[in-house]
2 protein chains.
Amino acid sequence: MRRIIAATLAIALAPPLAAADEGMWTFDAFPKEKLHRAHGFAPTDAWLEHARLSSVRLAGGCSGSFVSPNGLVMTNHHCAQECIQGLSTAEKDLFANGFTAPTQADELRCPDVEVNQLVAIADVTARIRKATAGLSGEAFQKALDAETARIESACQTSADLLCQVVRLYRGGVYDLYTYRRYQDVRLVFAPEFRIAFFGGDPDNFEFPRYDLDVSFLRVYQDGKPAATKDHFGWSPGGPKEGELVFVSGNPGETKRLLTVAQLADERDAALPETLIRFAETRGLLLGYQLLGAEAKRTSMELLFTYENAFKARTGEWDALRQPAFFESLVRRERDLRAKLARAKDGKRYLAAYDAIAKAQVRKRALRVQRLYVDTASRHESRPAAFPGELFFRARTIVRGAAERAKPNDQRLPEFSEASLPALVQTLLSPAPIYPDVERVRLAHGLGKLREMLGPDHPVVRKVLGKESPAEIAARAVSGTKLFDPAFRKSLWEGGAAAVDASDDPMIALARLVDPDARAIRRQWESEVEAVEKKNAEILAEGRFAVEGRSTYPDATFTPRLSYGVVKGWKQGDRSIPPFTRLAGAYERATGKDPFQLPESWIRAKDRLDLETPMNFVTTNDIVGGNSGSPVFDREGRIVGLVFDGNRLSLGGDFGFDETVNRTVAVDSAALIEALSKVYGASRIVEELAPAQPARAR
Amino acid sequence: MRRIIAATLAIALAPPLAAADEGMWTFDAFPKEKLHRAHGFAPTDAWLEHARLSSVRLAGGCSGSFVSPNGLVMTNHHCAQECIQGLSTAEKDLFANGFTAPTQADELRCPDVEVNQLVAIADVTARIRKATAGLSGEAFQKALDAETARIESACQTSADLLCQVVRLYRGGVYDLYTYRRYQDVRLVFAPEFRIAFFGGDPDNFEFPRYDLDVSFLRVYQDGKPAATKDHFGWSPGGPKEGELVFVSGNPGETKRLLTVAQLADERDAALPETLIRFAETRGLLLGYQLLGAEAKRTSMELLFTYENAFKARTGEWDALRQPAFFESLVRRERDLRAKLARAKDGKRYLAAYDAIAKAQVRKRALRVQRLYVDTASRHESRPAAFPGELFFRARTIVRGAAERAKPNDQRLPEFSEASLPALVQTLLSPAPIYPDVERVRLAHGLGKLREMLGPDHPVVRKVLGKESPAEIAARAVSGTKLFDPAFRKSLWEGGAAAVDASDDPMIALARLVDPDARAIRRQWESEVEAVEKKNAEILAEGRFAVEGRSTYPDATFTPRLSYGVVKGWKQGDRSIPPFTRLAGAYERATGKDPFQLPESWIRAKDRLDLETPMNFVTTNDIVGGNSGSPVFDREGRIVGLVFDGNRLSLGGDFGFDETVNRTVAVDSAALIEALSKVYGASRIVEELAPAQPARAR
């Protein structure tokens with residue numbers, strides 16, 4: 001497998017500019033003419049606006065779409081799994097057994113899901129530039145954060161809105177994105193885990209594939225289904241081979257505009273070190289699951305998260321390790337450097353490269369401390385040394401008490417007024433927290449803290465004292481009241497006084513380490529991030545100067561639109577056709593996990609049209625974060641549901657290769673077939689309102 | 001920590017030739033004059049022969065020394081841990097509680113330890129060259145193996161001898177090493193694991209240090225203690241700071257003569273991929289140990305092995321990842337290339353570099369299959385996909401039946417007549433095998449097989465069929481009779497007929513995969529190893545031609561002698577003094593593992609002279625495999641016992657930096673103090689026969 005990636009990427013990844021159907025375009029700068037030239041279809045502004053308003057972001061890291069006028073949202077099973085797991089108990093395991101709400105009244109509120117719909121885009125580049133002019137290092141970072149907070153705060157006129165200043169082209173453009181925010185989100189339908197993730201980790205990021213990775217949620221307003229005028233239609237027959245299709249969604253992060261120095265750090269340090277960390281935690285969870293069925297149930301979603309991330313990062317690493325691919329990135333930079341050198345202000349641009357290269361040395365020196373003592377963002381809510389749901393909440397309470405006492409523009413960004421609603425929802429989520437899993441993870445994390453920093457590091461001495469990691473974890477988990485959302489609420493509302501007075505052992509642990517964590521974060525931000533950001537802005541400026549603004553920005557977990565066609569690919573000598581059929585799932589089943597079909601599917605086999613297309617692939621340019629994205633046709637009808645990319649697409653973090661990168665989706669025909677004949681979910685099928693008869697393919 | 005490695009290595013590792021006290025010298029080419037110039041001491045040939053005959057190799061991967069005329073061997077606790085664990089039961093846990101044989105009759109035979117003493121060295125380079133002249137690829141490999149087998153076989157006149165053709169200077173020289181072989185080896189003394197490995201993984205490869213990592217074994221002949229005329233004396237006072245000291249032992253493997261292409265593969269693929277693999281297994285074992293005390297006891301040694309290897313490989317990887325260090329290796333090769341290019345036959349030498357570089361591409365392509373389907377050597381007796389004691393023995397039986405039917409010079413090398421005694425000892429070892437550990441490991445390994453090759457790979461389909469990895473492992477482990485050494489013996493002696501007729505499920509599993517395993521091994525050997533070997537010989541020839549033979553060969557787990565001085569080092573601004581004292585162990589103790597002192601030490605505290613030196617460091621050039629090596633003075637008296645290197649020494653695989661690389665040893669004074677006052681082991685103390693009064697320091 002890997003060799004094939006090597007050869008193909010190497011040949012195909014040379015072009016420095018967006019070629020073919022490449023691109024994760026912002027809705028306000030979609031390449032209409034280019035699309036028209038390539039595919040004979042030019043979307044109107046109204047078409048684009050409708051697509052944007054019909055698409056949503058799941059704040060936890062996914063995408064989705066409105067598929068009815070009554071707030072019905074389609075996304076992946078794996079995007080709703082925290083909700084499904086949070087609603088499950090040992091007696092009623094929705095994760096294993098699936099869920100269909102027979103009536104609207106039966107729809108279950110998710111403990112912690114936020115849905116965002118992008119309603120406005122405004123350019124604020126000039127304001128940001130003015131605020132940070134002439135600054136660097138910590139001063140640059142502070143000014144940037146403060147101006148961002150001021151812009152967001154002025155926009156944020158109600159809790160129903162989410163205003164975010166978005167950094168595009170690595171700082172070439174700053175936009176203010178205004179989202180409508182939905183926090184009352186309910187579970188309508190989820191299939192069994194076994195069919196949602198049929199083939200499990202072995203088939204993850206592979207194709208041919210046979211997954212029904214879908215869930216339906218519904219957004220509510222004032223206790224009633226929200227009215228969603230803008231929504232996609234439905235194509236019951238799915239797409240045809242070669243058909244032009246669109247994917248809208250929120251690709252999480254690409255690194256296509258990074259410098260070679262940054263990419264080398266990814267290849268030589270960040271990615272392999274991450275993989276080593278993930279591998280150990282994965283092993284720990286596999287070992288933990290030997291304790292029995294309940295241990296398995298309560299750690300399954302977590303294991304899935306690690307395995308998925310492990311395989312994804314492996315694919316990215318493998319791509320960067322292909323010498324020919326990496327050399328193509330080096331060449332691309334060399335060419336750009338040459339152009340920049342000839343430009344007005346050329347020296348300034350070249351100096352920016354050097355500054356970024358220097359920052360990589362600091363990065364390597366600080367990374368271990370930063371990872372093990374501090375964590376900077378929501379997505380690292382499970383940091384390396386202090387993992388777990390409890391510690392994350394303890395830190396949020398401790399740090400939040402201090403931050404909320406400050407003016408909005410002086411806070412850490414995750415505690416700004418704009419950010420608080422999502423943070424509070426997570427903080428107070430009633431989803432169950434499993435003490436044994438927490439204890440095992442925290443003990444392991446504290447052991448890693450000692451391992452990575454050494455037993456004589458001041459932070460290690462302070463945290464561990466004369467106790468063992470296992471003892472501290474056991475004491476903190478068994479003694480804490482943070483399992484109780486009401487207790488968290490009282491501390492959160494009590495602010496600094498309540499936090500200072502608390503003798504809760506998990507709060508005490510978070511309090512103990514917070515000064516050190518803040519210190520390393522500050523150092524990291526000023527010596528690494530600020531340098532990278534500041535100089536990336538200069539490079540972005542240079543790139544605009546010499547190449548214009550004809551291309552798309554790196555992905556930043558903001559709404560994007562891509563186009564492509566339904567198309568297989570060649571893997572070595574083998575042609576991979578674009579569609580699989582329902583029959584294939586039955587053929588692949590072994591009766592043993594992860595190749596075990598759920599009972600419902602075994603019973604339904606005779607009722608199903610086994611020739612129905614199940615999954616398909618397209619040439620759309622996507623990455624992680626696009627999970628749950630709709631695939632739709634030029635008439636705005638859903639033909640599929642993105643749930644994966646093929647393994648070769650994992651190099652897409654760094655560059656797109658249309659010959660082998662593929663988006664993997666569930667066919668809309670399979671969705672209707674399964675909802676109707678396996679799950680008897682006629683209520684949903686009717687709401688999707690199939691408008692057209694099935695088309696022949 | 002890492003940053004310091006970076007800076008220091010970078011500066012110090014430039015010199016391409018052996019400088020200062022660097023070098024792991026063969027006993028027949030020891031640099032007497034160089035030593036005399038540097039330290040004013042020139043050993044005689046008799047001195048060297050005595051040192052060689054007083055030193056031993058433990059076939060499992062360690063070093064040791066004769067320390068009495070009656071076969072008493074001193075080595076590390078961690079070198080005897082398989083023996084100690086093998087003699088332990090849940091009721092009588094020698095590993096945790098230690099062991100002192102009150103009389104010679106109480107000494108316990110180790111299940112699987114072989115001790116080798118090097119008695120003769122003969123040059124066979126010409127014979128090998130003649131046999132392989134003009135050959136390459138598989139033919140080269142076969143001719144090399146066959147001639148090796150013929151030479152060894154002719155030498156191998158009794159089972160008490162072990163004849164090995166040894167490849168030095170990466171093929172520049174082939175020597176025939178004749179060892180006396182001892183297989184009746186008994187445990188005399190071992191301290192508790194807690195003091196042998198005080199500080200555990202966190203303190204491993206670190207200094208200051210407080211370990212009593214010692215054990216005493218005794219070699220027997222005909223049921224009686226062997227007479228060992230050549231043995232070291234004893235210095236009860238230990239060494240002085242600055243004193244010249246020697247270390248003899250068997251450094252396992254260094255890669256100082258590899259090409260840059262090979263080193264890049266180590267840095268970019270072999271090492272990080274190994275770390276990822278080890279990390280997951282380590283996590284699995286940590287999780288497994290949550291099952292309880294017996295799970296912990298039965299997997300402790302295994303976990304220790306993985307953690308030790310993990311930290312060692314991490315240090316090696318970190319060294320290679322220091323850009324300045326790697327650049328120094330690149331420069332070194334560039335300089336040598338330039339010299340070779342000017343030499344007669346220059347083109348041939350340069351072509352060898354290219355051939356080796358090309359072999360790295362094949363290496364990357366084949367490595368995963370080779371690791372997961374086959375295993376090539378004793379040291380990978382725990383291969384990635386088929387781990388465990390049972391499968392290793394099943395494969396040995398299955399493959400051995402086929403190989404032993406062939407003439408000696410056509411067998412796989414590990415089944416040659418010379419190799420069989422050690423292999424059979426391991427095969428038939430009565431050490432207990434723990435079914436639960438076996439089951440968990442095998443299930444995990446089979447899962448990795450599927451993960452790494454993909455569920456549709458022919459070998460995966462063949463091995464797994466419709467079963468899950470856990471089911472196959474459970475079936476094979478619960479159904480096999482291989483736990484019983486007598487059963488293994490009957491199959492081994494029954495040969496191919498017995499193997500073919502067996503319905504033992506573990507034998508069946510090994511039989512099933514053997515053709516595929518052999519095929520990938522053959523491919524690996526002919527397309528990777530043979531190319532590397534053949535061309536390394538050419539490069540060695542070139543190096544001798546342009547630089548003469550003034551340096552030492554890469555380590556190959558054969559007896560070597562190094563010299564150095566007792567000396568601390570500077571770590572950044574900090575000076576690390578060369579000695580620790582017994583008092584330090586008590587200060588460092590927290591009462592919690594791994595910083596918990598055993599009861600015996602707590603009780604003995606008042607009796608001990610706490611100022612006694614406990615551990616010390618020297619500038620000797622060692623690597624893994626030197627564990628258990630004696631540190632001795634110019635009069636041939638033991639002053640210490642090597643058990644570790646500092647973390648900075650892990651880069652020693654690739655180059656030696658005298659400013660920071662340090663050997664870590666137990667002081668002979670601490671050994672006497674502990675044996676006498678903690679363990680009341682007067683029988684051993686008297687046998688060590690301290691000849692001199694303690695010296696003032």
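Criteria and cut-off values
Residues numbered from 1 in each chain as written. Chains lettered and ligands numbered in written order. Predicted model: local features only at pLDDT ≥ 70, side-chain atom pairs only at ≥ 80, totals over all residues. Heavy atoms only, no water. Helix = DSSP H or I, 4+ residues; strand = E, 2+ residues; numbered from the N terminus. Buried < 20%, exposed > 50% of the residue type's maximum accessible area, 1.4 Å probe, protein only. Contact = heavy atoms within 4.5 Å. Areas by Shrake-Rupley, 256 points an atom, 1.4 Å probe, with all protein chains shown as cover. Pairing = 2+ DSSP bridges. Least-squares fit on C-alpha atoms with pLDDT ≥ 70 in both. Salt bridge = Lys/Arg side-chain N within 4 Å of Asp/Glu carboxyl O. Expected span 1.5 Å × (residues − 1). Bend = angle between axes of the 7 residues up to and from the residue. Axes fitted to C-alpha atoms, helices over the stretch in contact; angles between N-to-C directions. Parallel < 35°, antiparallel > 145°, perpendicular 65-115°, else oblique. Left-handed = near helix turned anticlockwise from the far one by under 90°. Buried area = accessible area lost by both parts, 1.4 Å probe. Polar contact = N/O pair within 3.5 Å; in protein donor to acceptor, adjacent residues only side chain to side chain. Nonpolar A, V, L, I, M, F, W, Y, C, P; charged D, E, K, R; others polar. Phe/Tyr/Trp six-rings, centres within 6.5 Å; stacked < 30°, edge-to-face > 60°. Lys NZ or Arg CZ within 6 Å of the ring centre and 35° of its normal. Disulfide = S-S within 2.5 Å.

> Explain the overall build of chain A here, please?
Helix and strand counts for chain A stand at 24 helices and 21 strands. Overall, the C-alpha framework of chain A stretches about 65 × 65 × 50 Å when taken along its three principal axes. For chain A, the residues scored as buried account for 63% of the 697 residues in total. Of the contacts formed within chain A by residues at least 6 apart in sequence, a portion of 79% connects residues at least 24 apart. Split by element, the accessible area of chain A, about 24900 Å² in all, is 54% carbon and sulfur.

> Explain the pairing of strand β3 (residues 72–75) of chain A to me, please; I cannot follow it from the model alone.
Looking down a regular strand, the side chains alternate between one sheet face and the other. All names here are of chain A. Along β3, one buried face is formed by L72 and M74 and the opposite face, lined by V73 and T75, is buried too. As paired elements, strand β2 (residues 62–66) and β3 share 2 bridges and run antiparallel to each other. Among the inter-strand pairings, F66 is bridged to a residue of β3, identified as V73. The antiparallel hairpin formed by β2 and β3 contains 5 residues in its connecting segment, where G71 sits at a positive phi of about 80 degrees. Of the pairings in the sheet, the one linking β3 to strand β10 (residues 215–221) comprises 4 bridges and is antiparallel in character.

> Explanation requested: the relation of the copies chain B and chain A in the structure shown.
The operation relating the pair of chain copies consists of a rotation about an axis and a translation along that axis. Least-squares fitting of chain B to chain A yields an RMSD of 0.0 Å, with the superposition described by an axial translation of 0.0 Å and a rotation of 180 degrees. Each copy turns onto its partner about a two-fold axis. Comparing interface residues between copies, 100% of those in chain B also sit at the interface in chain A, which points to an isologous, same-surface contact.

> Explain the pattern of salt bridges to me, please; I cannot follow it from the model alone.
Side chains that differ in charge, positive against negative, can pair when their charged atoms come close. Applying the stated criterion across every chain, the model contains 126 salt bridges over all chains. Taking the shortest distance from any N to any O, the salt bridge between E673(A) and K677(A) comes out at 2.7 Å. A residue pair is termed a helical-turn pair when its members lie 3 or 4 positions apart in one helix, as E673(A) and K677(A) do in helix α23 (residues 668–677) at 4 residues. Using a relative accessible area of 11% as the deciding quantity, one classes E673(A) as buried. Classification of K677(A) as partly exposed rests on a relative accessible area of 30%. Between E22(B) and R256(B) there is a salt bridge, and its shortest N-O distance comes to 3.8 Å. Here the residue E22(B) occupies a position in the loop between α1 (2–12) and α2 (32–39), and R256(B) occupies one in the loop between β13 (244–249) and α10 (260–288), the gap between them amounting to 234 residues. Residues E22(B) and R256(B) agree in their burial class; the two are buried. Through salt bridges with shared partners, one network takes in D374(A), R395(A), R399(A), E403(A), K406(A), D514(A) and R518(A).

> What is the right way to read helix α19 (residues 485–501) of chain A from this model?
Every α-helical turn comprises 3.6 residues, leaving residues that sit three or four positions apart pointing alike. Residues and elements named next belong to chain A. An ideal rise of 1.5 Å per residue puts 24 Å on 17 residues; α19 reaches only 19 Å between its terminal C-alpha atoms. By the largest-angle criterion, G495 marks the main kink of α19, which is about 125 degrees. Residues F487, R488, L491, W492, G495 and V499 constitute the buried set of α19. Where α19 is buried, its residues contact α14 (389–404), α15 (420–427) and α20 (505–547).

> Could you clarify how one ought to interpret the packing of α10(B) against helix α13 (residues 346–373) of chain B in this entry?
Two numbers describe a pair of packed helices, the interaxial angle and the distance between the axes. Residue and element names in this part refer to chain B. Across the interface, α10 lies against α13 with an axial gap of 9 Å and an inter-helix angle of 15 degrees. Regarding the angle of α10 to α13, the classification is roughly parallel. In this structure, the crossing between α10 and α13 has a hand that is right-handed. Listed contacts from α13 to A261, Q262, D265, D268, A269, A270, E273 and R277 of α10 are I356, A357, Q360, K363, R364, R367, L371 and Y372.

> Could you clarify how one ought to interpret the interface of chain B and chain A in this entry?
The parts lose accessible area when they come together, and the size of an interface is often stated as this lost area. Tallying the contact residues gives 49 residues for chain B and 49 residues for chain A. Both faces combined, the contact of chain B with chain A buries some 3800 Å², and carbon together with sulfur accounts for 57% of it. Put simply, E451(A) and R282(B) hold a salt bridge, and the shortest N to O gap is 2.8 Å. Joining chain B to chain A, the criterion identifies 18 residue pairs in polar contact (both at pLDDT 80 or more). Mapped by element, the contributors of at least two residues to the side of chain B that touches chain A are α1, α9 (200–203), α10, α11 (293–321), α13, α16 (435–453) and α21 (582–588) of chain B. Broken down by element, the side of chain B that touches chain A gets its largest block of residues, 14 residues, from α10(B). In terms of residue class, the side of chain B that touches chain A is made up of 21 nonpolar, 5 polar and 23 charged.

> Would you mind going over the pairing of strand β20 (residues 637–645) of chain A with me for this structure?
Residue and element names in this part refer to chain A. Where burial is concerned, most of β20 is hidden: 9 out of the 9 residues are buried. Alignment of strand β12 (residues 233–234) against β20, held across 2 bridges, turns out to be parallel. Bridged to W234 within β20 is I638. Here strand β19 (residues 630–632) runs beside β20; their pairing, made up of 3 bridges, is antiparallel. Directly across from V631, in β20, lies its bridge partner G640.

> Explain the side chain of R256(A) here, please?
All names here are of chain A. The buried category is assigned to R256, whose relative accessible area is 5%. For R256, the side chain forms a polar contact with the side chain of D621, separated by 2.8 Å. Ignoring anything within four residues of it in the chain, the contact list for R256 reads E22, M24, R332, Y552, D554, D621, G652, D653, F654, G655 and F656.

> It is not clear to me how the packing of aromatic side chains should be interpreted in this structure. Could you clarify?
To describe a pair of aromatic rings, you give the distance between the ring centres and the angle between the ring planes. Inspection of every chain in the model, using the stated rule, returns 46 aromatic pairs over all chains. Ring centres of W25(A) and Y552(A) lie 5.4 Å apart, and the angle between their planes is 70 degrees; on these two criteria the pair is classed as edge-to-face. In this pair, W25(A) is assigned in the loop between α1 (2–12) and α2 (32–39) and Y552(A) in the loop between α20 and β14 (560–565), connecting sequence segments 527 residues apart. You can call Y552(A) buried: its relative accessible area is 6%. For the ring pair F189(A) and F216(A), a centre distance of 6.4 Å and an interplane angle of 50 degrees mean the geometry is tilted. Pair noted here: F189(A) is in strand β9 (residues 184–190) and F216(A) is in strand β10, with a separation of 27 residues, a long-range link. An aromatic cluster of at least three residues, connected via ring pairs, comprises F41(A), W47(A), F232(A), F246(A) and F632(A). Taking NZ or CZ as reference, R267(B) lies 4.0 Å from the ring centre of F326(B), over its face. The side chain of R404(B) reaches across the aromatic face of W492(B), ending 3.6 Å from its centre.

> Can you help me understand the packing of helix α10 (residues 260–288) of chain A against helix α12 (residues 323–342) of chain A in this one?
Residues and elements named next belong to chain A. Packing of α10 against α12 brings their axes to within 10 Å, and their N-to-C directions diverge by 160 degrees. Between α10 and α12, the crossing angle belongs to the class labelled roughly antiparallel. When the axes of α10 and α12 are compared, the crossing they make is right-handed. On α12, the residues touching V260, L263, A264 and R267 of α10 are F326, L329, V330 and E333.

> Whenever I open this one, the state of the cysteines confuses me. Can you help?
Covalent bonding between the sulfur atoms of two cysteines defines a disulfide. On inspection of all chains with the given rule, the structure shows 6 disulfides over all chains. Here C155(A) engages in a disulfide with C163(A); their sulfurs sit 1.9 Å apart. Every disulfide takes its handedness from the sign of the S-S torsion; for C155(A) and C163(A) that torsion is -65 degrees, giving left-handed. For the pair C155(A) and C163(A), a shared accessibility class is recorded, and that class is buried. The partner cysteine of C62(B) in its disulfide is C79(B), sulfur to sulfur 2.1 Å. Across the disulfide from C62(B) to C79(B), rotation about the S-S bond amounts to roughly -80 degrees, and the bridge is consequently left-handed. Placement of C62(B) in strand β2 (residues 62–66) and of C79(B) in the loop between β3 (72–75) and α4 (81–86) is noted, with a sequence separation of 17 residues between them.

> Explain the environment of T551(B) here, please?
Mapped onto the elements, T551(B) comes out in the loop between α20 (505–547) and β14 (560–565). C-alpha separation for the pair T551(B) and A29(B), spaced 522 residues apart in sequence, amounts to 9.3 Å.

> I'm lost on the environment of A227(A) in this one. Help?
For A227(A), the location among the structural elements is in the loop between β11 (224–225) and β12. Each C-alpha atom of the pair A227(A) and A422(A) lies 22 Å from the other, and the pair is 195 residues apart in sequence.

> Sorry, what's going on with unusual backbone geometry here?
What you tend to see is this: most non-glycine residues have negative phi, and most peptide bonds are trans. All names here are of chain B. A cis amide bond links F207 to the next residue, P208, at an omega of 5 degrees. Relative to the assigned elements, P208 resides in the loop between α9 and β10 (215–221). The omega torsion of the bond from D593 to P594 falls at 0 degrees, within 30 degrees of zero and hence cis. Relative to the assigned elements, P594 resides in the loop between α21 and α22 (599–604).

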